[in-house]
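These are the residues of each chain, in order.
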Amino acid sequence: MGGCAGSPRRLSDSEGEETDLAPRPRLQDSQGAHWKNAVGFWLLGLCNNFSYVVMLSAAHDILSHQRTPGNQSHAVLLADILPTLVIKLLAPLGLHLLPYSPRVLTSGICAAGSFLLVAFSHSVTISLCGVVLASISSGLGEVTFLSLTAFYPRAVISCWSSGTGGAGLLGALSYLGLTQAGLSPQHTVLSMLGIPALLLASYFLLLTSPGPQDPGGEADSDTSARQPLINNEASESKPGSGSPLSLQERWTVFKGLLHYIVPLVLVYFAEYFINQGLFELLFFRNTFLTHAEQYRWYQMLYQAGVFASRSSLRCCRIRHTWVLALLQCLNLAFLLVDVWLSYLPSIYLVFLIIMFEGLLGGAAYVNTFHNIALETSDEHREFAMATACISDTLGISLSGLLALPLHDFLCQLS
């Protein structure tokens, strides 16, 4: 018994060579937990957005084969945006205080449900219900997992962001590849039902329960902010602190976030104004690419830019995100004038601009949430991350209100 109580040491000939063995297994355990959490959050980001990207592409394909009057793109856009917007508006009002595990289960079930509805759909209504479920899954997942980063080392924000960026690129490529290989949109969707299962496995089996011993990965890691969430449902009901924030505290935190929320809203407004309103109108006849192929290249280059910049936090950190908003608005103005006047001589210049657009959007996302994690206090961080989630969806919603009517107007002029 006395041997167990003593400090474990390796005996040597001289006292100066004695080595404390206790920290070594702890260091190995900490490094193992660090990598499990890094991979876990990357997979959560990938799966959360991957299902959404694939399902939305499939919904467009299936709707195009269903004989229905009128253009369904507006309905798809509304079914895509509104559920996520509602969920993110509810986040600061108390959604972030709900237990994490039920939220993750709901997100995974909705993702799987969206695949099944779209795959077996025989009507526009059922297909749109699939889009709604995918939107619920994506919005609830983003609010949940970004809030969860408040209890882990800040390095997981970069992993989550990189995973979400990879989802756009890998999701589009996998869906395109499988359909080009001969699978129907329905069978392609069914083949990807493993993605929601991977999301649930990443959360329940891969993530470690955060605790004071977790390595920060940075010199200024916030160990005091971490509490067990996944394996302790009693703590999970009030994950951030012993009691929820008062309305006055929430309002104070929200006002402090505005200098990050507003630039991110502007970035996404300009970004999706370009994607929704201008991509189809940036058509070059002096190239071997068809109109549809040019559009696919625009989408692919945009997603590649987003993935690269959302994975760049270790290489490049940007404090003043308003600069990114200004540059994105200049991108919008430049391309809008080109749609009107057609002054750009080559599609390759547009390729570069669209790649730059994706780089700006991804950089704004990852740096915004990293800066918020740096500047908020431990007891406010979970609420702040959940609240800032509204930024991208709000920008996308506002751009949809203006971009689609402008697109139709410009089409009438051409």
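Residues numbered from 1 in each chain as written. Predicted model: local features only at pLDDT ≥ 70, side-chain atom pairs only at ≥ 80, totals over all residues. Heavy atoms only, no water.

Participant: What should I look at first to understand the overall build of the chain in this one?
Facilitator: Scanning the chain for helices and strands turns up 15 helices and two strands. Contacts spanning at least 24 positions in sequence make up 82% of the contacts within the chain whose residues lie at least 6 apart. As presented, the chain carries roughly 19000 Å² of accessible surface, and 67% of it is formed by carbon and sulfur atoms. (Helix = DSSP H or I, 4+ residues; strand = E, 2+ residues; numbered from the N terminus. Contact = heavy atoms within 4.5 Å. Areas by Shrake-Rupley, 256 points an atom, 1.4 Å probe, with all protein chains shown as cover.)

Participant: Sorry if this is basic, but what is going on with the packing of aromatic side chains here?
Facilitator: Two numbers describe a pair of aromatic rings. These are the distance of the centres and the angle of the planes. One pass over the structure, following the stated rule, counts 15 aromatic pairs. With a centroid separation of 5.2 Å and 75 degrees between ring planes, the pair formed by Phe41 and Tyr152 is classed as edge-to-face. Linking Phe41 in helix α2 (residues 23-65) with Tyr152 in the loop between α5 (124-148) and α6 (155-180), this pair joins segments that are 111 residues apart in sequence. A relative accessible area of 0% means that Phe41 is categorised as buried. Their ring planes at 35 degrees and their centres at 6.1 Å tell us that Trp297 and Phe351 sit as a pair that is tilted. (Phe/Tyr/Trp six-rings, centres within 6.5 Å; stacked < 30°, edge-to-face > 60°. Buried < 20%, exposed > 50% of the residue type's maximum accessible area, 1.4 Å probe, protein only.)

Participant: I keep staring at unusual backbone geometry and nothing clicks. Help me out?
Facilitator: A negative phi angle is the norm for most residues apart from glycine, just as the trans form is the norm for most peptide bonds. Phi is positive for Ser342, close to 55 degrees, though the residue is something other than glycine. Tracing the backbone shows Ser342 in the loop between α12 (322-341) and α13 (347-375). The class for Ser342 is exposed, based on a relative accessible area of 58%.

Participant: Would you explain the packing of α13 against helix α14 (residues 378-388) in this entry?
Facilitator: Helix packing geometry: the angle between the two helix axes and the distance between the axes. In contact at an axis separation of 9 Å, α13 and α14 are set at 160 degrees when each is read in the N-to-C sense. When the axis of α13 is compared with that of α14, the two are roughly antiparallel. By crossing handedness, the relation of α13 to α14 is classed as right-handed. From α13, Phe369, Ile372 and Ala373 reach across to α14, where they touch Arg381, Ala384, Met385 and Ala388. Classifying every residue of the contact of α13 with α14 gives six nonpolar, no polar and one charged. (Axes fitted to C-alpha atoms, helices over the stretch in contact; angles between N-to-C directions. Parallel < 35°, antiparallel > 145°, perpendicular 65-115°, else oblique. Left-handed = near helix turned anticlockwise from the far one by under 90°. Nonpolar A, V, L, I, M, F, W, Y, C, P; charged D, E, K, R; others polar.)

Participant: When you look at the packing of helix α10 (residues 247-278) against helix α11 (residues 291-310) in this model, what are you seeing that I'm missing?
Facilitator: Where α10 contacts α11, the two axes come as close as 13 Å, and the packing angle between them is 155 degrees. Between α10 and α11, the angle is such that the two are roughly antiparallel. Residue-level contacts link Tyr268, Glu271, Tyr272 and Asn275 of α10 to Tyr302, Val306 and Arg310 of α11. Among the residues forming the contact of α10 with α11, the class breakdown is four nonpolar, one polar and two charged.

Participant: How do you make sense of the UniProt feature "transmembrane region" (unreviewed entry) in the chain when you look at a structure like this?
Facilitator: In the numbering adopted here, UniProt assigns the feature "transmembrane region" (unreviewed entry) to residues 39-63, 75-98, 104-121, 155-176, 188-206, 257-274, 322-341 and 347-366. Annotation note: span residues 75-98, helix share 67%, strand share 0%, distance between end C-alpha atoms 31 Å. (UniProt positions renumbered as here; feature names shortened; annotations may be inferred.)

Participant: I tried to follow the pattern of salt bridges on my own but got confused; where do I start?
Facilitator: One side chain can pair with another of opposite charge once the charged atoms of both are near each other. A full pass over the atoms with the stated rule returns four salt bridges. Salt-bridge contacts for Glu375 lead to Arg319; the nearest nitrogen and oxygen are separated by 2.9 Å. Residue Glu375 is found in helix α13, and its partner Arg319 is found in the loop between α11 and α12; the two are separated by 56 residues along the sequence. For Glu375, a relative accessible area of 39% puts it in the partly exposed group. Look at Arg319 and you get exposed, because its relative accessible area is 53%. A single network of salt bridges, built from pairs that share partners, joins Lys88, Glu142 and Asp392. (Salt bridge = Lys/Arg side-chain N within 4 Å of Asp/Glu carboxyl O.)

Participant: Any chance you could explain the nonpolar core here in plain terms?
Facilitator: Across soluble globular proteins, nonpolar side chains have a tendency to be buried as a group. Counting residues in each nonpolar core, the largest one holds 72 residues, and the members touching the most others are Phe41, Leu44, Phe145, Leu148, Tyr203 and Phe369. Tallying contributions element by element places α2 first for this core, with ten residues. The contacts of Phe369, once residues within four sequence positions are left out, are Leu146, Ile157, Leu264, Met385, Ala388 and Cys389. Ranked by size, the runner-up nonpolar core spans 23 residues in total, among them Ile274, Val350, Ile354 and Ala403. (Core = buried A, V, L, I, M, F, W, Y, C linked by side-chain atoms within 4.5 Å.)

Participant: Just checking my understanding: could you explain a nonpolar patch on the surface for this structure?
Facilitator: A contiguous nonpolar surface patch, about 610 Å² in accessible area, is contributed by Trp322, Val323, Leu326, Leu327, Leu330, Phe356 and Leu359. Within the residue set of the nonpolar patch, elements represented by two or more residues are α12 and α13. Here the element with the most residues in the nonpolar patch is α12; it accounts for five residues. Position of Leu326 among the secondary structure elements: in helix α12. (Patch = residues over 30% accessible without salt bridge, like charges linked within 9 Å, V, L, I, M, F, W, Y side chains within 5 Å.)

Participant: Please explain the environment of Gly395 as it appears in this structure.
Facilitator: Along the chain, Gly395 falls in helix α15 (residues 390-413). Note on Gly395: relative accessible area 0%, which makes it buried. In this structure, the C-alpha to C-alpha distance between Gly395 and Phe273, residues 122 residues apart in sequence, is 9.2 Å. When near neighbours in sequence (up to four residues on either side) are disregarded, Gly395 contacts Val265, Tyr268 and Phe269.

Participant: I'm lost on the confidence of the model for the chain in this one. Help?
Facilitator: The predicted coordinates should not be examined in detail at positions where pLDDT is low. Here the chain shows a mean pLDDT of 82. Residues at 70 or above account for 81%. This stretch, residues 1-27, has a pLDDT under 50; its non-local contacts, to residues over four places away or in other chains, come to 15 contacts. (pLDDT = per-residue confidence, 0-100.)

Participant: How do you make sense of the environment of Gly108 when you look at a structure like this?
Facilitator: One can find Gly108 in helix α4 (residues 100-119). Gly108 gets classed as buried once you look at its relative accessible area, which sits at 4%. In the structure, Gly108 is positioned 61 residues away from Cys47 in sequence and 9.3 Å away in space, judged by C-alpha atoms. Beyond its immediate sequence surroundings of up to four residues, Gly108 is in contact with Pro196, Leu199 and Leu200.

Participant: What exactly am I supposed to notice about α12 here?
Facilitator: Since the α-helix turns once every 3.6 residues, residues separated by three or four places project in the same direction. Between its terminal C-alpha atoms α12 stretches 29 Å, which fits the 28 Å expected from 20 residues at 1.5 Å a residue. Where α12 is concerned, the buried positions are Leu324, Ala325, Gln328, Asn331, Leu332, Leu335, Asp338 and Val339. Angular distribution of buried residues about the axis of α12 spans 150 degrees; they occupy a single face of the element. Opposite the buried face of α12, by more than 90 degrees, sit the exposed residues Trp322, Leu330, Trp340 and Leu341. (Expected span 1.5 Å × (residues − 1). Arc of directions from axis to C-beta.)

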